[in-house]
Amino acid sequence: MRIFFSKHAISFLISLAILTINLSLYSYGAELPTISSVTPSSGFNDLNTTIQITGTNFQSDAKVDVGTTSAIDVTVISSTIITATVPYGITAGTYDVKVTNSLTYSATFVNGFVVNSPPAEWTSQTLTWTGGVGGATTSTCTLVLPNNTYRMYNPGIGFRSSEDGLTWPDSTNTNINEMGATNPAVITLKDGTYLMIYGIQQHTSGPPTERQYRATSTDGIYFNKEPTDAVLTGENDFASVPDLIYINDDTTLRLYYVSDSLPSHIHTATSIDDGLTWIKEGLISITGGPIGQQDVDPDIIKLADGTYRLFFATPPVDQSELGDLRIRSAVSTDGRNFTLESGSRIIPSPSEPGAIVIDPDTVLLPGTTDKYQFYYGGMISDTPQVLRVAVPRFPDISVSPDSHDFGNVSIGSTSTAQTFTITNTDTDTALVISTITLAGIDPSEFSIQNETCTAQPIPQSGTCTCQVTFSPASASAKSVILRIQSNDPDTPTKDISLTGTGTAETTCTSWSDVIAEYNKYVSGNSTWSEVINIYNQYVTKPC
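Quick caveat, the model's predicted, so the values are computed rather than measured. (Residues numbered from 1 in each chain as written. Predicted model: local features only at pLDDT ≥ 70, side-chain atom pairs only at ≥ 80, totals over all residues. Heavy atoms only, no water.)

1. Section: the overall build of the protein
And step 1. Helix and strand counts for the protein come out as 3 helices and 41 strands.
And step 2. The proportion of buried residues among the 543 residues of the protein is 45%.
And step 3. Put simply, of all contacts in the protein between residues at least 6 apart along the chain, 57% involve residues at least 24 apart.
And step 4. A total accessible area of about 25,400 Å² is found for the protein, and carbon and sulfur atoms account for 52% of it. (Helix = DSSP H or I, 4+ residues; strand = E, 2+ residues; numbered from the N terminus. Buried < 20%, exposed > 50% of the residue type's maximum accessible area, 1.4 Å probe, protein only. Contact = heavy atoms within 4.5 Å. Areas by Shrake-Rupley, 256 points an atom, 1.4 Å probe, with all protein chains shown as cover.)

This is the structure we're talking about:
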């Protein structure tokens, strides 16, 4: 006996089956999660990176894994948003991001997060001393004057002038010649006069002490000490290596200085009377990753957007000794609470003299708004090392177009290839593309072709290309990320969003076709399997 089902009966049976599956999942308290994005898509392995995962059906007990590493500080904001922290220390590489609800129901974002090694150091060079080196072992303050010449203040306290910041004559006295005078910080006040805050060190049988004094000048060359007493003393009678800046209200001075007994740390104080009196603010904070157990030698700059960047010296992670100091940096919106940046700006190298690097001294290059260089000194045991200068020289990646929609493509077909052009917009350094991969929800339905970028470095202002095609396997919207990794320190991972929609063939089977085929079957001209086939086409490809 043959049993026939109407269109509505078959639809009812299908709906009932789907409902049964959903009720089964619901009865166990588990819904299948999905992931649509991970932001940011990359981080450095010497920092903690907070990511936001968006998707659906996240439960309050959801767990997050990056590869085989469990994320920390996982917070389920809602059923569609999770925040989590990727901890520092993961080996550089590309990892899937997995969200797991209770009873192990999970979703995976393929190649969802890239862990990068820290960026390279800044490029350094030795300076030229036309008048003899004479005490050019370090600098705590260099100014670029309105005429674009440089003036450097050295411990001692003397100054030098330079036309290009690279070639320097011998030092000239500034009138501050007290025994132990050192570490000058100089800033131009709003009335055009120069303010110097400097230390006087005293070495006795106990720990050394240093207090901060004030001097002013009309020309920035010859300074007069006023008042005669110290304007700032630190914890344990030690305050050293000062640096000055106007904070964002442009009326208040902030002084950064080293204080505390060993291990030492950076403190701040503010003044509203041109440095005559100071109100201590206490320790700054540096979070976001591990540093050594000391942070010293502060050098603060204000960036074009009003935020702050702090350069400082610190030993290797988890060490407290002053040996093997390297210079790192951190950024802040308020000048007090800083977030660590990846990598070291300068690291002492066994291949060149010097056991430590100290005293970063940063200047904005004339005629620019965002290009800096800094001077730094060092020591070989107890022997002075000549002052050097370091500048960032890194490639800069650009990709065109920065996104692409392939539009509607029939199932089983392949789209026209889309070409992406990668450009090294820097004029100094070659761009190295390490990998180009696909990440996200539907990586299997896109394909990278004719890729010429990883074969060799891209020279200054050079370009390379790669192509991507779209081959949908089912009728629905698709998305993927074209992920480009390079040695650009600002954008080590460049993501290009790609979308497309898989569509059924333009021809379809209507319900009247099914009825007609059924009539043929009844009259003996068709088989029952042919009727079922027509019905399946109708269900999957409705008109």
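Additional details are given in the paragraphs that follow.
2. Describing the layout of surface pockets
And step 1. Approximately 1,400 Å³ is the volume attributed to the largest pocket.
And step 2. If you trace the largest pocket, you find 42 residues lining it, with Arg-309, Glu-341, Phe-394, Pro-489 and Asp-490 closest to the centre.
And step 3. Put simply, the parts of the chain that give the lining of the largest pocket at least two residues each are β2 (42-44), β3 (49-56), β28 (308-314), β29 (326-332), β30 (337-340) and β32 (372-380).
And step 4. Of the residues in the lining of the largest pocket, the class split is 19 nonpolar, 13 polar and 10 charged. (1 Å grid on protein atoms, 1.4 Å probe; cavity = no way out; pocket = protein on both sides within 12 Å on 5 of 7 lines; lining within 4 Å. Points joined across faces, edges and corners; volume = space filled by probe spheres on them. Nonpolar A, V, L, I, M, F, W, Y, C, P; charged D, E, K, R; others polar.)

3. A look at the pattern of salt bridges
And step 1. For the structure shown, the criterion picks out 10 salt bridges.
And step 2. Measuring nitrogen to oxygen at the nearest pair gives 4.0 Å for the salt bridge that ties Arg-160 to Asp-170. Taken as a pair, Arg-160 in strand β14 (residues 158-162) and Asp-170 in the loop between β15 (167-168) and β16 (172-173) lie far apart in primary sequence, 10 residues in all.
And step 3. For Asp-170, a relative accessible area of 40% gives the class partly exposed. (Salt bridge = Lys/Arg side-chain N within 4 Å of Asp/Glu carboxyl O.)

4. Side note on the packing of aromatic side chains
And step 1. Under the criterion given, the structure shown has 11 aromatic pairs.
And step 2. Here Phe-406 and Phe-470 contribute two aromatic rings whose centre-to-centre distance is 6.0 Å and whose plane-to-plane angle is 40°, an arrangement assigned as tilted. With Phe-406 in strand β35 (residues 403-410) and Phe-470 in strand β39 (residues 463-470), this residue pair connects regions lying 64 residues apart in the sequence.
And step 3. Exposure remark for Phe-406: the relative accessible area of 11% places this residue in the buried category.
And step 4. Their ring planes at 20° and their centres at 4.7 Å tell us that Phe-446 and Phe-470 sit as a pair that is stacked. Of this pair, Phe-446 sits in strand β38 (residues 446-449) while Phe-470 sits in strand β39, and the two are 24 residues apart along the sequence. In this pair, the class of Phe-446 matches that of Phe-470, namely buried.
And step 5. Through pairs of rings, three or more aromatic residues link up here, namely Trp-122, Phe-311, Phe-374 and Tyr-376.
And step 6. Directly above the aromatic system of Phe-159 lies the positively charged group of Arg-151, at a separation of 5.9 Å from the ring centroid.
And step 7. Over the face of the ring belonging to Tyr-194 we find Arg-151, whose NZ or CZ atom lies 6.0 Å from the ring centre. (Phe/Tyr/Trp six-rings, centres within 6.5 Å; stacked < 30°, edge-to-face > 60°. Lys NZ or Arg CZ within 6 Å of the ring centre and 35° of its normal.)

5. Re the side chain of Glu-341
And step 1. With respect to the secondary-structure elements, Glu-341 resides in the loop between β30 and β31 (356-364).
And step 2. At a separation of 2.9 Å, a polar atom in the side chain of Glu-341 contacts the side chain of Arg-309.
And step 3. Of the polar contacts made by the side chain of Glu-341, one reaches the side chain of Ser-329; its length is 2.7 Å.
And step 4. Excluding residues within four positions of it along the chain, Glu-341 makes contact with Leu-47, Arg-309, Arg-328, Ser-329, Ala-330 and Val-331. (Polar contact = N/O pair within 3.5 Å; in protein donor to acceptor, adjacent residues only side chain to side chain.)

6. Overview of the state of the cysteines
And step 1. Taken as a whole and judged by the stated rule, the model has 1 disulfide.
And step 2. Here Cys-453 is linked by a disulfide to Cys-464, with a sulfur-sulfur distance of 2.0 Å. Measuring the twist about the S-S bond at about 105°, one finds the Cys-453-Cys-464 disulfide to be right-handed. Taken together, the residues Cys-453 in the loop between β38 and β39 and Cys-464 in strand β39 connect sequence positions 11 residues apart. An identical accessibility class is assigned to Cys-453 and Cys-464; each is buried.
And step 3. Cysteine Cys-466 shares no disulfide, and the gap to the nearest cysteine sulfur, in Cys-453, comes to 5.5 Å.
And step 4. With relative accessibility at 0%, the residue Cys-466 sits in the buried group. (Disulfide = S-S within 2.5 Å.)

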